[in-house]
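Fold and geometry: a report
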Amino acid sequence: MKDLPQISEAEYEVMKVVWKNAPINTNEITEMLLKTTSWSPKTIQTLIKRLVQKGALTYVKEGRVFVYTPLVQKDEYLDHENSSFLKRFYNGSLSSMLANFIEKDRLSEQEIENLQELLAQRSLHEK
């Protein structure tokens, strides 16, 4: 797996907009984030700039407009973050994490049923 940039919570909000709408220009990113955050346009531009510097985004200049696309794919990033979380808090064990959630009643009956269905489907595919 290639090294992925460290992305802050705020930068992740920018990435979600870009992943969903790429290619997307600065004004479009700003408009979308102004609706869902309390950030100023300058803050949003700073976050975009940081993501470019970190290698998470790239851009092309079209006239006076910068159009952004992701260099890091959403699935790849989420896989990396999930793995990092498991290693950090559960010694890499997904079953330990699930056991913790089940023991602390943090899973609803519906979530438990969904997990049982997923496991049953996986068992069928492995046969």
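Now for a quick tour of the structure. All figures in this text were calculated on a predicted structure; none of them were measured in a lab.

Moving on: the overall build of the chain. Secondary structure summary: the chain contains 6 helices and 3 strands in total. Its helices and strands taken in sequence order, the chain reads α-β-α-α-β-β-α-α-α from the N to the C terminus. Radius of gyration (C-alpha) of the chain: 19 Å, far over the 14 Å computed for a compact globule of 127 residues. Its C-alpha atoms give the chain principal-axis dimensions of roughly 55 × 30 × 25 Å. Counting the 127 residues in the chain, one finds 26% classified as buried. A fraction of 50% describes how many contacts in the chain between residues 6 or more apart in sequence connect residues 24 or more apart. Here the chain has roughly 9,300 Å² of accessible surface; of this, 49% comes from carbon and sulfur atoms.

The rules behind these values
- The written sequence of each chain sets the order in which its residues are numbered from 1.
- Owing to the predicted nature of the model, reporting of local features is limited to residues with pLDDT of at least 70; listing and counting of side-chain atom pairs is limited to 80 or more, with chain, interface and lining totals taken over all residues.
- Side-chain measures were taken over the full set of non-hydrogen atoms in the model, leaving aside hydrogen atoms and water.
- In DSSP terms, a helix is any run of H or I states spanning at least four residues, a strand is any run of E spanning at least two, and both are numbered starting from the N terminus.
- When we talk radius of gyration, it's over C-alpha atoms, and the globule rule is simply 2.2 Å times the number of residues to the 0.38.
- In this scheme, a residue with accessible area under 20% of its type's maximum is buried, one over 50% is exposed, and one in between is partly exposed, where area comes from a 1.4 Å probe on protein chains only.
- Only heavy atoms enter the contact rule, under which two residues are in contact if any of them lie within 4.5 Å.
- Residue burial considers only the protein chains on display, and all accessible areas are found by Shrake-Rupley using a 1.4 Å probe.

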